[in-house]
Amino acid sequence: MLLVTGVNGGLGSLVLERLAGRPGGPEGVVAGSRTPERAATAGVPVRKVDFDRPETLAGAFTGVRTLLLVSAGYGEDDVVIARHRAAIEAAERAGVEHVVYTSLSGDGDHLAYALAHRWTERRLRESATLRWTILRNGLYAELLAFLARPDADGVITAPLADGRLAAVAREDLAEIAAKVASAPAEHAGRVYELVGEEAVGAAEVAAALTRSTGRPVEYRPGTLAQARAAIAASGAESFQVPMVAGTLSSIAHGFLAGPGKPGDLAALLGRAPRPALEVIAAGTDAAW
C-alpha cells in the first residue's frame, strides 16, 4: 500500500491525480490529510493524518509499505521538524518499508526554510529500518509567477534585480513523485536534484506576459526593504517575512539559477520539462 500525505495541498493533490489516473487505477493507494473531510480524492480511500497529533498516526500507517511524505508545510523550524519526526517514527513503528520525501533543491541550502528539509533527510539516512528516496524539488514556476506578478498598471516591482530562477512546473514534480513512489525499489538510496533546465528572470516574465495577454507589462525592480515591508503589511505570519524576503534575495543575487543543463528532472520525466515561462503565462489572469 502507498500512502500519500498532504493531499489537500498543491503538490499532494496533483500527485494523487496522477496515481488515480495510472493504468489499473488507484488500487493500493491511500490518501492522507489532516482534514480528510475536505479531501477530493477521486475515489481513493482517505485516512486522517495529523502530524501535530502523533498519537493518531499508528492507525493511519497500518498496512502501508511506501510512504510519500510531502513536506509538512511552512512553519518555524521546530514545528516542521517535530511534524517530520512524528511521521518518520510512526513509519518505523508501523513497519513501513520505504519513504519518498519531497525536499528542497541543494542550491537552496541558505534559504530560511532549508534547515527542516536537511534535518529530515539526515533522519531518514540514519533510520535503521527504512529505505528512502529524496526528491529535492526546485522552486515552483508558480511561485515565480506570484513573486513577479504585475500590479494593476502592469508593472512588476519585485526586487529580483537581473537574477534568474531555475523554476520548475509543479505538475512535473508531481509526475515524478508519482512515478518514484509507484516503484520505490528502483530509486532506493537516491537523491534527485529536480530544478529547471532554463533559468528565467523578471524581465523575461514581463515579456512573456506581454505576449500572452496582449497588455504591456514592464519590470521596474524595487528594493528588498520595500518588499519586506509589503510582506509584513500583507498579514503574513512573522516567520514568513524572512522566508519570502530571503527567497527574493537569493534569486536576485544568482543563487537559484540552477545547472542550466539536462539533469534528473528530464531523466525522470522521460521528456523535456515544461518551460517555466509557459507555466507562468498560462496561470496569470489577464486582469491581474
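Within every chain, residues take consecutive numbers counted from 1 along the sequence as written. Given that the model is predicted, a residue must reach a pLDDT of at least 70 before its local features are reported, and side-chain atom pairs must reach 80 or more before they are shown or counted; all residues, however, enter totals for whole chains, interfaces and linings. The side-chain figures draw on all heavy atoms in the structure; neither hydrogens nor water molecules are used.

Visitor: Teacher, can you tell me more about the layout of surface pockets here?
Guide: Gaps between atoms show up when a probe of the same size as a water molecule is rolled over them. With a 1 Å grid spanning the protein atoms alone, the term cavity applies to any set of points in which a 1.4 Å probe fits but cannot get out, the term pocket to an open set with protein on both sides within 12 Å along at least five of seven lines, and the term lining residue to any residue with an atom within 4 Å of a point. Grid points are joined across faces, edges and corners, and a volume is the space filled by probe spheres set on the points. There is about 1100 Å³ of room inside the largest pocket. In terms of lining residues, the largest pocket is bounded by 40 residues, among which Val70, Ser71, Ala72, Gly73 and Tyr74 are the most central. When the residues that make up the lining of the largest pocket are grouped by side-chain class, the tally is 15 nonpolar, 17 polar and eight charged. Considering only enclosed or pocket space, the second largest pocket measures out at about 700 Å³ in volume. As for the second largest pocket, its lining consists of 25 residues, and the residues nearest its centre are Phe146, Leu147, Arg149, Ile231 and Val244. Broken down by secondary-structure element, the contributors of at least two residues to the lining of the second largest pocket are helix 5 (141-147), helix 8 (224-233) and helix 9 (240-252). Every helix listed is a DSSP run of H or I at least four residues long, and every strand listed is a run of E at least two residues long, numbered separately from the N terminus. Counting residues per element, the lining of the second largest pocket draws most heavily on helix 9, at five residues. In the scheme used here, Gly and all other residues not listed as nonpolar or charged are polar, with Ala, Val, Leu, Ile, Met, Phe, Trp, Tyr, Cys and Pro taken as nonpolar and Asp, Glu, Lys and Arg as charged.

Visitor: What am I meant to see in the environment of Glu126 here?
Guide: Secondary-structure assignment places Glu126 in helix 4 (residues 114-126). Taking the C-alpha atoms as reference points, Glu126 and His253, separated by 127 residues in sequence, lie 34 Å from one another.

Visitor: What should I look at first to understand unusual backbone geometry in this one?
Guide: A negative phi holds for most residues other than glycine; trans holds for most peptide bonds. One non-glycine residue, Ala161, lies in positive phi territory at about 50°. Classification of residues uses two cut-offs on accessible area relative to the type maximum, computed with a 1.4 Å probe and protein chains only: under 20% is buried, over 50% is exposed, and between them is partly exposed. Using a relative accessible area of 40% as the deciding quantity, one classes Ala161 as partly exposed.

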